[in-house]
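Per-entry structural report
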Amino acid sequence: MAEYIDVHCHLGDKAFHEDIDIVLAEATKVGVKACLVCAEFYEDFNGILKLCERYPKFLLPCLGVHPAQLAPNETNSELQPMRGATLLDLERAFPYIEENANKLAAIGEVCNIAHYY
């Protein structure tokens, strides 16, 4: 059987909270040996580190700032509004990334803020 490493996944997303064990078991069955779990938002950082600690050497943390960030949901819509990332998002993320650098496999979802200006 071929072996794979998923170099970009979002298993820290709340959509996987209930069935992460099943998802990982299925991935293992088809030859996945490791997954790089990428953050999208600063608010995800701690949860991703905790998730990766539960599955060491299989889930590897990758923290960064996605170019599309959550915007305040003032309409209480089920759809979460988005906005472009800003320098403030990066400035908020960098200290956490630096503080936890020894736990990270990579830094990723590094946004291209120039795209939004």
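Now for a look at the structure at hand. (Residues numbered from 1 in each chain as written. Predicted model: local features only at pLDDT ≥ 70, side-chain atom pairs only at ≥ 80, totals over all residues. Heavy atoms only, no water.)

Some words on the nonpolar core
Core analysis: the biggest nonpolar cluster contains 25 residues, and Leu11, Leu59 and Leu63 have the highest contact counts within it. Every element with two or more residues in this core is listed here: helix H1 (20-29), strand S2 (32-38), helix H2 (45-54), strand S3 (59-65) and helix H3 (87-99). With five residues, H2 is the largest single contributor of residues to this core. Those residues in contact with Leu63 that lie beyond four places of it in its chain are Ala39, Phe45, Ile48, Tyr96, Ile97, Leu104, Ala106, Ile107 and Gly108. (Core = buried A, V, L, I, M, F, W, Y, C linked by side-chain atoms within 4.5 Å. Buried < 20%, exposed > 50% of the residue type's maximum accessible area, 1.4 Å probe, protein only. Helix = DSSP H or I, 4+ residues; strand = E, 2+ residues; numbered from the N terminus. Contact = heavy atoms within 4.5 Å.)

Considerations on the side chain of Asn100
By secondary structure assignment, the location of Asn100 is in the loop between H3 and strand S6 (106-110). Taking relative accessible area as the criterion, Asn100 reaches 6% and is therefore assigned buried. Within the structure, Asn100 has its side chain in polar contact with the backbone oxygen of Tyr96 (distance 2.9 Å). (Polar contact = N/O pair within 3.5 Å; in protein donor to acceptor, adjacent residues only side chain to side chain.)

Concerning unusual backbone geometry
If you check the backbone angles, Lys57 has positive phi at about 70° while not being a glycine. Taking the relative accessible area as the measure of exposure, Lys57 reaches 76% and is therefore exposed.

What to know about the layout of surface pockets
Estimates place the volume of the largest pocket at around 510 Å³. As for the largest pocket, its lining consists of 23 residues, of which Gly12, Asp13, Lys14, His17 and Asp44 are closest to the centre. For the lining of the largest pocket, the secondary structure elements donating two or more residues are H2 and strand S4 (68-70). Considering each element in turn, the lining of the largest pocket owes the most residues, five residues, to H2. Each residue belonging to the lining of the largest pocket can be placed in one class, and the counts come to eleven nonpolar, six polar and six charged. (1 Å grid on protein atoms, 1.4 Å probe; cavity = no way out; pocket = protein on both sides within 12 Å on 5 of 7 lines; lining within 4 Å. Points joined across faces, edges and corners; volume = space filled by probe spheres on them. Nonpolar A, V, L, I, M, F, W, Y, C, P; charged D, E, K, R; others polar.)

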